[in-house]
Amino acid sequence: MTFLAQRPMPYCRGCGHGLVARRLDEALGRLGLDPGRVVLTTDIGCVGLVDPLFPAVHTVHTIHGRSTAVAAGAVLADALCAEGGLTNIVMLGDGGATIGLLHLTQAALMNVDLTVLLHNNMLFGMTGGQHSALTPEGFATSTTLEGNWVPALDMEQILRGSHGGFFARQLATDRELADVIAEAIAFPGFALVEILELCTGFGVPLNELDGKALRATAEAEGKQFGVRIRRADRRPYHALYRERFPVRAAGPPPATRAAPARAFAHRLTRALGVIVAGSAGERVQTAAAVLAQAAVLSGLCCVQKNDYPVTVGSGFSLSEVKLAPEPILYTGIDAADAVLIASADGLREVKGRRDLERLAPAGVVIVDASLAGELPPGRALAAPLRSTLTADTAALGAVALLVARTGVLERDALLAAVDALGGKDAGALRAAVERGSTLTG
Ligand code: SF4
């Protein structure tokens, strides 16, 4: 069967890309693959025009240089999360290979079961014939008209250094190209076929170039043709992964999964959004985690999201916790039901995010007493969080105070959550819950 559409090639007359497409078609036919189980991933450049030529297979057209990464993700998702069995092929050119070089090496290192067909015409064709990292010394391009004076990358050496399982170098005109592509596709691991070809739009007019000269140019650089690497000692990444993480018996789908065991009562009838804000290093996210864990112990569904600046150990620390009696399909908090502010850093961040302006109509604000003057009168419950507790437990004290005032959860659920989370300072956290529950504004 043919996989190739009966339509004109979208390339310049004589462009090597058309030859490669035909040889790929032959290889797929020889392997007897089901087109519905083949995925062809491309990116930018003339090579990327190949998608419509293979209408019966799945095609993914992604951003420049990322085709190998996208395809590697598809391979692993298929092998580890679905039934497996898809055949994944990447078709890229000089740009895709060099912009995405680390993706290629990473896929080779991991031995992702993927075949990459690198169309090496030694320049960037689509953008005007500029030189690339694959342009040989002496080769003229639109940006190296006198001849390139920088040596070209050697993909074979790169593959060797990346422990790649299979590497072959061929000319697009080689009779055996279809066989080599078929062998690469059948190889159980990462396979790269570098196909040297002519860009008749730029490479040929700027150089004395034909197929023979192309081979001679590569050989002058010390490059050799044929299958150069074929390693049987490496297993594909997904097989190693599965060995380390065996598949467990599938459970029921999420929608019908039994609710977590309910050890404590709650009074929630709708979703509740809580923002806990304070300073980095002052256990703000631990306070949020205690609230989230207590919610789970009370049979609720829960989502916690944390935020902090890149400096990690300075500035603000903030958590959003959403609790609900039903599965949470939207995890955002558009209008918080409670904003807990344990420090000046937290107040600045909450103001910057406009959480107070967006507070729900019956929303609660609990703020450390030292900051009360920075909020409009009557707006917040000011409690001596930092002076009664410690800086490290002020946020948890605010959580305990919220729970005590609203009654949405039991205080004992917070204590059980502290125990469940464990840690060497569980005693101090328990004390903070007990003390925070009794605070008054
Ligand atoms: S510009 Fe070069 S690479 Fe692009 S289609 Fe034309 S010949 Fe092929």
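Chemist: How should I be thinking about the sheet that holds strand β14 (residues 364-368) in this particular structure?
Modeler: Whenever strands of a sheet pair, they do so through backbone hydrogen bonds, lying parallel or antiparallel. Spatially, six strands are ordered β11-β12-β10-β13-β14-β15 in an open sheet, and the strand pairing comes out mixed. Edge strands, defined here as strands with exactly one partner in the open sheet, are β11 (301-307) and β15 (381-383). In this sheet, neighbouring strand axes are inclined to one another by 15 degrees on average, regardless of whether the strands run parallel or antiparallel. With three bridges connecting them, β14 and β15 associate as parallel partners. By the bridge assignment, I366 is partnered in β15 with L381. Relative to the sheet, helix α11 (residues 344-353) contacts β10 (272-279), β12 (316-324) and β13 (338-341), its axis offset from that of β10 by approximately 130 degrees. Running over the sheet, helix α13 (residues 394-406) touches β10, β13, β14 and β15 and is turned about 145 degrees from β14.

Chemist: Help me out: how do you make sense of the domain arrangement of the protein in this one?
Modeler: Often, the extent of an interface is quoted as the loss of accessible area upon association of its parts. We note that the domain assignment places domain 1 (16-243) and domain 2 (263-437) within the protein. Here the C-alpha centroids of domain 1 and domain 2 sit 53 Å apart.

Chemist: Honestly, the environment of A342 in this entry has me stumped. Any pointers?
Modeler: Along the polypeptide, A342 turns up in the loop between β13 and α11. Spatially, the C-alpha atoms of A342 and H163 are 52 Å apart, while their sequence positions differ by 179 residues. Setting aside chain neighbours within four positions, we find A342 in contact with A277, G278, E282, V284, D368, L385, A394, A395 and A398.

Chemist: Would you mind going over the nonpolar core with me for this structure?
Modeler: Nonpolar side chains in soluble globular proteins tend to end up buried together. Counting residues in each nonpolar core, the largest one holds 72 residues, and the members touching the most others are L114, L117, L118, I181, A184 and V193. By size, the runner-up hydrophobic cluster in this structure holds 60 residues, among which are L291, I366, L389 and V418.

Chemist: Help me understand the site of the ligand in this model?
Modeler: The immediate surroundings of the ligand are formed by Y11, C12, C15, H17, C46, N121, G125, M126, C199, T200, G201 and F202. For the shell around the ligand, the per-class residue count stands at seven nonpolar, five polar and no charged.

Chemist: Can you walk me through the pairing of β13 in this structure?
Modeler: Strand residues, when the strand is regular, have side chains that alternate between the two faces of the sheet. The alternating pattern of β13 places A338 and L340 on one face and V339 and I341 on the opposite face, and all of these are buried. In terms of strand pairing, β10 meets β13 through four bridges, oriented parallel. By the bridge assignment for β13, V274 is matched with A338. Traced from β13 through α11 to β14, the parallel crossover comes out right-handed.

Chemist: Where do I start with the sheet that holds strand β1 (residues 38-42) in this structure?
Modeler: Within the open sheet, the seven strands sit side by side as β2-β1-β3-β4-β8-β7-β9. Their pairing is mixed. A strand with exactly one partner marks an edge of an open sheet, and here the two such strands are β2 (58-61) and β9 (226-230). Each strand of the sheet is rotated relative to its neighbour by a mean of 15 degrees, with strand direction disregarded. Summarising the sheet, strand β3 (residues 87-92) and strand β4 (residues 115-120) pair through four bridges and their orientation is parallel. Residue I89 lies in a different strand from β4, and its bridge partner there is T115. Packing of helix α1 (residues 16-31) onto the sheet brings it into contact with β1, β4 and β8 (191-196), and relative to β4 it is tilted by some 155 degrees.

Procedures and definitions
- Residues numbered from 1 in each chain as written.
- Predicted model: local features only at pLDDT ≥ 70, side-chain atom pairs only at ≥ 80, totals over all residues.
- Pairing = 2+ DSSP bridges.
- Helix = DSSP H or I, 4+ residues; strand = E, 2+ residues; numbered from the N terminus.
- Axes fitted to C-alpha atoms, helices over the stretch in contact; angles between N-to-C directions.
- Contact = placed C-beta atoms within 7 Å.
- Domains from an automatic or database assignment.
- Core = buried A, V, L, I, M, F, W, Y, C linked by C-beta atoms within 7 Å.
- Buried ≥ 20, exposed ≤ 12 C-beta atoms within 10 Å, placed from the backbone.
- Near = placed C-beta within 6 Å.
- Nonpolar A, V, L, I, M, F, W, Y, C, P; charged D, E, K, R; others polar.
- Right-handed = clockwise from strand over helix to strand, strands pointing away.

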